[in-house]
Amino acid sequence: LGKEESQDNTSSSSLHLLTTKMVTNVANVLMKTHEQCIQNLSSSSSSSKRIYIKPTTTTTLAHEIRIFASSFASVLENQKELWKSFVVHTIQTLSLSISSSPQTIHGRASTVFLSSLSATKGGGGGGGGERTLRHVLNHTLPSLLAFLEEYSGGEEQKVTAVCLALGTFFASVSAFCECKRVEMG
């Protein structure tokens, strides 16, 4: 067995040690830490009284959280209950803020986290998997498109954020498809 193949077998065989509660707790910690990183980046540019954290460190941490979440979702794709505890819980939690307030820091962080969950994986693989991608899109696109359909003026920041969120999710689909194309040769 190659090193990569051996690691995959170890990961799969160790999944039986995880409980749904543990996986949900991991999801909650990742979501909260990611949002705090985004919040720190946002406030560091506008606050004169702040604790200084090097932006590259915060950016790297947020990026690594997204890569880990995507990889973890991919590993859980064939573990129905664990996948639900991680992916479905994350989507349900974050999609609410995307549909109600995409222009806020929480809404923007949620958009980035969910699009990354479905589209990227460290090393350029296919992300959280097709099942994850479909679930993310099914729970985010309808409310975003409905907002645009019902839009009658005002709330320019929200409209801009909705359009950016839609673009981000469409880019996720493109990245996912590109990764799958490369995998297939």
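All of the points below concern the structure found in this document. (Residues numbered from 1 in each chain as written. Predicted model: local features only at pLDDT ≥ 70, side-chain atom pairs only at ≥ 80, totals over all residues. Heavy atoms only, no water.)

**Remarks on empty space enclosed by the protein**
This model, assessed by the stated rule, comprises 1 cavity of 30 Å³ or more. Approximately 40 Å³ is the volume attributed to the largest cavity. Met31, His34, Glu35, Leu94, His106, Ala109, Ser110 and Phe113 together form the lining of the largest cavity. The set of elements that each furnish at least two residues to the lining of the largest cavity consists of helix 2 (20-46) and helix 5 (105-119). Of the residues forming the lining of the largest cavity, the biggest block, 4 residues, is contributed by helix 5. In terms of residue class, the lining of the largest cavity is built from 4 nonpolar, 3 polar and 1 charged. (1 Å grid on protein atoms, 1.4 Å probe; cavity = no way out; pocket = protein on both sides within 12 Å on 5 of 7 lines; lining within 4 Å. Points joined across faces, edges and corners; volume = space filled by probe spheres on them. Helix = DSSP H or I, 4+ residues; strand = E, 2+ residues; numbered from the N terminus. Nonpolar A, V, L, I, M, F, W, Y, C, P; charged D, E, K, R; others polar.)

**Some thoughts on the pattern of salt bridges**
Enumeration according to the criterion identifies 3 salt bridges in this entry. The salt bridge partner of Arg134 is Glu130, with a shortest N-O separation of 2.5 Å. Separated by 4 residues within a single helix, Arg134 and Glu130 lie in helix 6 (residues 130-150), roughly one turn from each other. (Salt bridge = Lys/Arg side-chain N within 4 Å of Asp/Glu carboxyl O.)

**Looking at the packing of helix 4 (residues 80-100) against helix 5**
Contact pair helix 4 / helix 5: the axes reach a minimum separation of 8 Å and the direction vectors enclose 145 degrees. As helix 4 runs across helix 5, the sense of the crossing is left-handed. Within the contact between the two elements, helix 4 uses Phe86, Val87, Thr90, Ile91, Leu94, Ser95, Ser97 and Ile98 and helix 5 uses His106, Gly107, Ser110, Thr111, Phe113, Leu114 and Leu117. When grouped by side-chain class, the residues that make up the contact of helix 4 with helix 5 number 8 nonpolar, 7 polar and no charged. (Axes fitted to C-alpha atoms, helices over the stretch in contact; angles between N-to-C directions. Left-handed = near helix turned anticlockwise from the far one by under 90°. Contact = heavy atoms within 4.5 Å.)

**What to know about the nonpolar core**
Grouped together as the largest cluster of nonpolar side chains are 33 residues, with contacts concentrated most on Leu76, Phe86, Leu114 and Phe169. Secondary-structure elements contributing two or more residues to this core are helix 2, helix 3 (55-76), helix 4, helix 5, helix 6 and helix 7 (156-184). The greatest single-element share of this core, amounting to 8 residues, is contributed by helix 4. Leaving out residues up to four positions away in the same chain, Phe86 has contacts with Val23, Val26, Ala27, Leu30, Ala69, Phe72, Ala73, Leu76 and Leu117. (Core = buried A, V, L, I, M, F, W, Y, C linked by side-chain atoms within 4.5 Å. Buried < 20%, exposed > 50% of the residue type's maximum accessible area, 1.4 Å probe, protein only.)

**A word on helix 5**
Between its first and last C-alpha, helix 5 extends 21 Å over 15 residues, near the 21 Å set by a 1.5 Å rise per residue. Gly107, Ala109, Ser110, Thr111, Phe113, Leu114, Ser115, Ser116, Leu117, Ser118 and Ala119 are the residues of helix 5 that are buried. (Expected span 1.5 Å × (residues − 1).)

**Focus: the packing of helix 6 against helix 7**
Each pair of packed helices can be summarised by the angle the axes make with each other and by the distance between the axes. Relative orientation of the contacting elements helix 6 and helix 7 amounts to 155 degrees, with a least axis distance of 10 Å. Taken together, the axes of helix 6 and helix 7 lie roughly antiparallel to each other. Handedness of the helix 6/helix 7 crossing: left-handed. Contacts between helix 6 and helix 7 pair Glu130, Leu133, Val136, Leu137, Thr140, Leu141, Leu144, Leu145, Phe147 and Leu148 from the former with Lys158, Val159, Val162, Cys163, Ala165, Leu166, Phe169, Phe170, Val173 and Phe176 from the latter. Along the lines of polarity and charge, the residues of the contact of helix 6 with helix 7 split into 17 nonpolar, 1 polar and 2 charged. (Parallel < 35°, antiparallel > 145°, perpendicular 65-115°, else oblique.)

**Concerning the packing of aromatic side chains**
Here the structure, examined in full by the defined rule, presents 2 aromatic pairs. Here Phe68 and Phe72 contribute two aromatic rings whose centre-to-centre distance is 5.6 Å and whose plane-to-plane angle is 15 degrees, an arrangement assigned as stacked. Residue Phe68 and its partner Phe72 are located together in helix 3, separated by 4 residues, close to a single helical turn. Residue class for Phe68 comes out partly exposed when judged on its relative accessible area of 41%. (Phe/Tyr/Trp six-rings, centres within 6.5 Å; stacked < 30°, edge-to-face > 60°.)

**Focus: the environment of Val162**
Looking at the element boundaries, Val162 is found in helix 7. Not counting the four nearest positions on each side in its chain, Val162 is found in contact with Pro102, Leu144, Phe147 and Leu148.

That's the geometry; what it means functionally is another story.
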